[in-house]
Amino acid sequence: MKPLLIIVAVLLGGIPAASGDLEVFTNSKVYATDHSLQVYGTGLADENLVIRLFAPDDTIAKFDQITADDDGSFNYGLIIWPEPSTNFPYGTYTVEVISTEQNGISERIDVKFVSTTDLADVPVERNLSTLVFAPETAAVHQSVRVFVQITSDGLLIGNDPTLLLRTSHVHLPSGLSISLSNTFKTLHQGLYFVDYIPREEGTHVFHVVAFHQGTTSHGSSATNVLSQDIGGISEQIINLNSILDETSGELGVLKSEIAAFDTTLVRASEQIDENIGTIGEASSQLNALLLPIIASIGLIVALQITILARRR
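All values derive from a computational prediction rather than experimental measurement.

## With respect to the overall build of the protein
The secondary structure content of the protein amounts to three helices and 19 strands. Looking at the protein as a whole, 33% of its 312 residues are labelled buried. The contacts in the protein between residues at least 6 apart in sequence include a share of 61% that link residues at least 24 apart. Element-wise, carbon and sulfur atoms account for 58% of the exposed surface of the protein, whose accessible area totals about 18,400 Å².

Have a look at this one:
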């Protein structure tokens, strides 16, 4: 490496990345709007080099091809940073220089596009985030679909899930863990899913590990696996409600019959009271009829006794 390039790299805060006969630097670590991103270094003499700028979501934001000088050096203004937009959001970008003559070797440097270039406040690092969405409840032996969202600096990143999520796993209620590598499928860039069939009842914890650009991010979500799913429980509740409705109807009929019976009892009681009153009146009338007869009989007996006494 030339001494002049070393001095320039130190003074400008460049990031060296060396491998074989390819050395790459950038003129800064952090950039703001209207700043120029300079890529320089050394390779082979008159070598064709491909320079790519990757956005935080791994899409190619800029692509150019240059030729090194006779001494192998190169210095290229890759981009003047525009105002932030959906195409150029703030975040961590990657500069990649690829040699077309050295078996395709390449060098990569991470840089930061932010609103300020204060190095003390803006560390050059990736903010990798992993979100896991799993159902709260599920049923044993029935498939569960778990969704995963991976973002870098707030942008969805696309990658092969077998590489991006290869160390993900699920913790079982028994304490064992099952690997989920090679099971994730891509729904959309940065969005993945896996269909998992639980074999045990209890809490299953899905632990998703994302690895991207040397950065690791973890995300977890738990699912409570029951003997049957909510659909089965709901069906039983519906059946129970139907039975309760039928029982309620039968109780209504019984209540109606009891009310009619109460009416009958009231009527019977009133009839008894009326009969008792009638019997009382009849008794009074009977007494009124019997008293003269009894008096007449008493008088006759008295006369008979008097006649017998005189005869003696």
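## Brief notes about the pairing of strand 12 (residues 144-152)
The pairing of strand 10 (residues 128-133) with strand 12 spans six bridges and is antiparallel. Considered in strand 12, the bridge of T130 is made with I150. Here strand 12 pairs with strand 17 (residues 191-196) via six bridges, running antiparallel. Each bridged residue has a counterpart across the sheet, and for V146 the counterpart in strand 17 is V194. Direction of pairing for strand 12 relative to strand 13 (residues 155-156): antiparallel, over a ladder of two bridges.

## Considering a negative patch on the surface
On the surface, a cluster of negative charge is contributed by D46, D69, D70 and E101. With respect to the secondary-structure elements, E101 resides in the loop between strand 8 (91-99) and strand 9 (106-113).

## Some details on the packing of aromatic side chains
All chains considered together, the criterion is met by eight aromatic pairs. Taking the centre distance of 4.6 Å and the plane angle of 20 degrees together, the rings of W81 and F113 count as stacked. Of this pair, W81 sits in the loop between strand 7 (73-80) and strand 8 while F113 sits in strand 9, placing them 32 residues apart in sequence. Take W81: its relative accessible area is 0%, and that puts it in the buried class. For F113, a relative accessible area of 0% corresponds to the buried category. Grouped by ring-pair contacts, the aromatic residues Y31, W81, Y90, Y93 and F113 constitute a single cluster. One Lys or Arg, R108, reaches over the ring of F54 and ends 5.2 Å from the middle of that ring.

## Some remarks on the pattern of salt bridges
Under the defined criterion, the tally for this structure stands at four salt bridges. Across the salt bridge formed by R52 and E96, the nearest N and O atoms sit 2.5 Å from each other. With R52 in strand 5 (residues 48-54) and E96 in strand 8, this pair connects stretches of sequence that are 44 residues apart. A relative accessible area of 21% means that R52 is categorised as partly exposed. Sharing partners across several salt bridges, the network here consists of R52, E96 and R108.

## Observations concerning the pairing of strand 19 (residues 215-226)
Relative to strand 19, strand 11 (residues 137-139) is paired through three bridges, and the arrangement is parallel. Looking at strand 19, one finds that T137 is bridged to N224. Across 11 bridges, the pairing between strand 18 (residues 202-212) and strand 19 is antiparallel. Following the sheet pairing, F206 is matched in strand 19 by S221. Turn length for the strand 18-strand 19 hairpin, with the two strands adjacent in sequence and antiparallel, is two residues, and the turn residue Q213 shows positive phi of about 50 degrees.

## Digging into the sheet that holds strand 3 (residues 30-31)
One open sheet holds the five strands; their spatial order is 3-9-8-5-6, and the pairing between them is mixed. Whereas interior strands pair on both sides, the edge strands pair on one side only; in this sheet they are strand 3 and strand 6 (60-67). Here strand 3 pairs with strand 9 via two bridges, running parallel. Its bridge partner being in strand 9, Y31 is matched across the sheet by F113.

## What to know about a nonpolar patch on the surface
Together, L131, F133, F147 and L187 make up an exposed nonpolar region whose accessible area comes to about 360 Å². Relative to the helices and strands, L187 resides in strand 16 (residues 185-188).

## Focus: the sheet that holds strand 15 (residues 177-179)
Taken together, the five strands give an open sheet; going across it, the order is 11-19-18-14-15, and neighbouring strands pair in mixed fashion. In this open sheet, the two edge strands, each paired with only one partner strand, are strand 11 and strand 15. Going across the sheet, the axis of each strand differs from the next one's by a mean of 30 degrees, ignoring polarity.

## Focus: unusual backbone geometry
In this structure, D34 takes a positive phi of about 75 degrees despite not being glycine. One non-glycine residue, H141, lies in the positive phi region at around 70 degrees. Tracing the sequence through the fold places H141 in the loop between strand 11 and strand 12. Judged by its relative accessible area of 52%, H141 falls in the exposed class.

What counts and how
Residues numbered from 1 in each chain as written. Predicted model: local features only at pLDDT ≥ 70, side-chain atom pairs only at ≥ 80, totals over all residues. Heavy atoms only, no water. Helix = DSSP H or I, 4+ residues; strand = E, 2+ residues; numbered from the N terminus. Buried < 20%, exposed > 50% of the residue type's maximum accessible area, 1.4 Å probe, protein only. Contact = heavy atoms within 4.5 Å. Areas by Shrake-Rupley, 256 points an atom, 1.4 Å probe, with all protein chains shown as cover. Pairing = 2+ DSSP bridges. Patch = residues over 30% accessible without salt bridge, like charges linked within 9 Å, V, L, I, M, F, W, Y side chains within 5 Å. Salt bridge = Lys/Arg side-chain N within 4 Å of Asp/Glu carboxyl O. Lys, Arg positive; Asp, Glu negative; His and termini not counted. Charge placed at Lys NZ, Arg CZ, Asp CG, Glu CD. Phe/Tyr/Trp six-rings, centres within 6.5 Å; stacked < 30°, edge-to-face > 60°. Lys NZ or Arg CZ within 6 Å of the ring centre and 35° of its normal. Axes fitted to C-alpha atoms, helices over the stretch in contact; angles between N-to-C directions.

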